[in-house]
Structures are given as C-alpha cells and as structure tokens.
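# Observations on the model geometry
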Amino acid sequence: MKKDLLHTPEGVRDIYSTECVEKKIIENKLHDVCRLYGYNDIQTPSIEYFDVFSKERGSVPSNEMFKLFDRYGNTLVLRPDMTPSIARAAAKYFEDHILPIKLCYVSNTFINVSKYYQGRLKENTVIGAELIDDASIDADYEIICMVIDCMKNAGLTEFQVELGNVAFFNGLLKDAGIKGDTYEELLNLINEKNYIGVEEILNNLNIDKNTAKVLLELPQLFGQAEVLDKARSLTNIPECIEAVDRLTNLYELLKINGYDKYVSFDLGELSNHTYYTGIIFHAFTFGTGEPIASGGRYDKLLGQFGCDKASIGFSLIIDRLMAAINRQNIEIEVEYSGVLLVYSEDKLQDAVKRANELRKDGINVCMIRKNNNKSESQYIEYAKASQLSDVVYI
Ligand SMILES: N[C@@H](Cc1c[nH]c[nH+]1)C(=O)O
C-alpha cells in the first residue's frame, strides 16, 4: 500500500462511519431550526474573488486565506467566512427586495490558521443564518433565539451566549479620535483581555481621562445584566449609551421565552471581524475552549457591495460542536431502518426485484452478494454500521 498517499494535509481530515452519520444528524437538527424560523437555503461557491474578502471587508486576515489563481491571473480564495459571500450574493440577487431576506446555509469554510493554533481545523462545516435588511431589535432577538435553539436542539444543556456591542467600543474610540493602527491594536488587546497592554497604549495617548478610564475597565466589563448598569454609569457618550440600551432591550425581549438565562454580557467582547457594527455574540459550552457559534450585526457590509442593507447573522461550527458533544458524553440518537439484502449468486434477479419493491415503498436497501466465507454475525455487524435494521437473505 502506498502509505504516504493515505494522509491528508495538516488541519484537514476525513470524517467517516459513525462520526459522519452523527455529524449529518446534528447538521440536520440545526438546519431544522433555520427552517423552523423560515430561513431559505442558499449555496455560494467555495471559491470567490479575493476582493470579496479584502481588508476593507473586515473578515479574515489575508495571510489566513488559501489563495489560488484562475487562468486569467485573478487571485481567488477558498472562502474563509460565509458572511461576505452571502452579502455579495444578496447584493446581487436581492437588491430590489422590499422585505427582509432570510437566508441559511450549511457549507465548508477554509482558514489557513497559523501554527500557533495547532489543533484547529483549517476546513470546517458551518451552519449559519443571515437576516438581511432588518435593523430592528426584533432581528437581533430572532438571531439570538436561533443560536440558543440550535444549541438546545443539538442536545446541549449547559451553554452560554455572551453578548457584547462593538458600538460601545467604537463610540469610545470615536470620541477619543483613535483610528487606524492604534484602533486595531486596542481592539486586539481588549479582546485578549490584556489589561497591561491597554494601559501601555493609553499612557502614550493624549485622550480624555474618563474615556481612557472606561477603555481600561472594558476588559472587566463582563458578567450578568448588572454589568450593563455599570457600563451606563461610566460614560455619557450618546453612542455608548445607545449601545448599552440596545443590549438592555434585547435582554428584556429574551425574557419573553425564558432565554435570558442563557445569556451573559461582555462589553470588552470584540471581534476580529471588523465588519461588525453593533450587537455581537459568542456561544460557549464545555469541552471546547473556543466559541461554537458567533455572529453579530453588520449594517455596513452590504453597502460595500453596492446595496446598503442593515443585517445580522450567526454561524455555528459543526465540527467544534461535535467535539463538545463527544466530550460531554451526549448521546446522538441514530435511527436504524432499512434492509441489508444478502443474496446468493444465482438469486440476483429475485434480489433486484425485491429491492425495487422495497425501495418503491421508501425503504433503504443495501444489496450484497453472499460470500460463503462470511458469517451471519458479520452481516449483522455490517448492517449495523450502515444504520440498517434488518438483514434479509435470498
Ligand atoms: N461569519 C461569522 C459569523 C456571522 C454570521 N453572520 C454574521 N456573523 C463568523 O464566521 O464568525
């Protein structure tokens, strides 16, 4: 056997047998949630022009993208993130829509993560939903409810959705006149909750003392709903107050269906996706250090594709969710049905007839020519591995 041909490249993997069956089951359960909320499927190509993901779009850094070239010399990328692709497609096909557009997808994304993130997959299956052309708080509420329902439908009982609002941070930085590289540096340091780093930068900047104080406190502004009152008491910049009020209002809405118990707040929660303009969130559970789902409001992204529409959405990384489900020993119920039809060499005709009849009735039939060296228990084992409930001999 050519052993060296059997390997996959670093960061990608084969998914087969039970794991693949279970992944499909979970995928379908999550997709059901999107359908239940009235979202319509969309498929976009795995390959896009690089410009769809260039720096201005605010998605993934250029060095984390897999790049390729077409025959005309254009730079293409394997999509690292679904949101800009959906924004592009929505701007193209739904420009004249007068009502909100609700789209969902199950697709693979590709990120060439650096070696510092060893163990992180470079290809992931994500399920997501995008609510386009709806600036209302109801849209924020719907998307958070969908994230929570996805987690619940997957069988998780212990999880948290951390809510933030980048408009709070942006309000502070705008007030302080901080832009460009310093903006990015501060964003990264606050995101990493690097208090010392934030202090160091602020010491070198000549900005309003109170704004500096709030920025220093940002990494600690997380917890339950009380943290919103604390945030409100720290500043009177209108943009920041509005950002906190939006979170308070969202929290009130989440009480309608008792989903408030699944959320906490983190005003120091920012995102490397700079396309976010308002509410953002990350969903966590045990068994993975990294968020399973994330998303937020991106009111300016479609405008970059020539079709200004305020939008919000989420994506959930199914591979990460599967890892958490396994580590939490949550059982995924696999349904067994259908027939393994084992026929003797001279009974092919009868077997085909029987299989066709059963298939007409919607019953799965897997046909196998009988091998006399194989025992009945081996056929039973085979049927089980194929999620078939019965073995029939002809
Ligand atoms: N695409 C974002 C999540 C998202 C979907 N819609 C809005 N945000 C991500 O991969 O992190």
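As a reminder, the structure under discussion sits directly above these lines.
Values in this document were obtained by computation on a predicted structure and should not be read as measured data. (Residues numbered from 1 in each chain as written. Predicted model: local features only at pLDDT ≥ 70, side-chain atom pairs only at ≥ 80, totals over all residues. Heavy atoms only, no water.)

Another aspect to go through is the site of the ligand. Lining the immediate surroundings of the ligand are 13 residues, of which Asp 81, Thr 83, Glu 130, Tyr 276 and Ser 315 lie closest. Between His 273 and the ligand, the recorded distance is 3.2 Å, taken from a side-chain N or O atom to an oxygen atom. Contact between the ligand and Gly 313: a nitrogen atom at 3.3 Å from a main-chain N or O atom of the residue. Relative to its free-state accessible area of 300 Å², the ligand is covered by the protein chains to the extent of 89%. Breaking the shell around the ligand down by element, the ones donating at least two residues are strand E11 (293-297) and strand E12 (311-317). Its residues placed into classes, the shell around the ligand shows four nonpolar, seven polar and two charged. (Near = heavy atom within 4 Å. Polar contact = N/O pair within 3.5 Å; in protein donor to acceptor, adjacent residues only side chain to side chain. Areas by Shrake-Rupley, 256 points an atom, 1.4 Å probe, with all protein chains shown as cover. Helix = DSSP H or I, 4+ residues; strand = E, 2+ residues; numbered from the N terminus. Nonpolar A, V, L, I, M, F, W, Y, C, P; charged D, E, K, R; others polar.)

The next subject is the layout of surface pockets. Size it by volume and the second largest pocket reaches roughly 320 Å³. Along the wall of the second largest pocket there are 18 residues; nearest its centre are Gly 119, Leu 121, Asp 319, Arg 320 and Ala 323. Contributing elements (two or more residues each) for the lining of the second largest pocket: helix H1 (17-36) and helix H10 (318-327). Per element, the largest residue contribution to the lining of the second largest pocket is six residues, and it comes from H10. (1 Å grid on protein atoms, 1.4 Å probe; cavity = no way out; pocket = protein on both sides within 12 Å on 5 of 7 lines; lining within 4 Å. Points joined across faces, edges and corners; volume = space filled by probe spheres on them.)

With that out of the way, let us pick up the nonpolar core. Leu 163, Phe 168 and Leu 316 are the most contacted members of the largest nonpolar core, which totals 104 residues. Residue contributions to this core peak at eleven residues, all from helix H3 (residues 137-153). Apart from the residues lying within four places of it in its own chain, the contact partners of Leu 163 are Ile 144, Leu 247, Leu 250, Leu 254, Val 263, Ser 264, Phe 265, Asp 266, Glu 269, Ile 280 and Phe 281. Formed by eight residues, the second largest nonpolar core is a distinct cluster that contains Val 339, Ala 351, Ala 355 and Leu 358. (Core = buried A, V, L, I, M, F, W, Y, C linked by side-chain atoms within 4.5 Å. Buried < 20%, exposed > 50% of the residue type's maximum accessible area, 1.4 Å probe, protein only. Contact = heavy atoms within 4.5 Å.)

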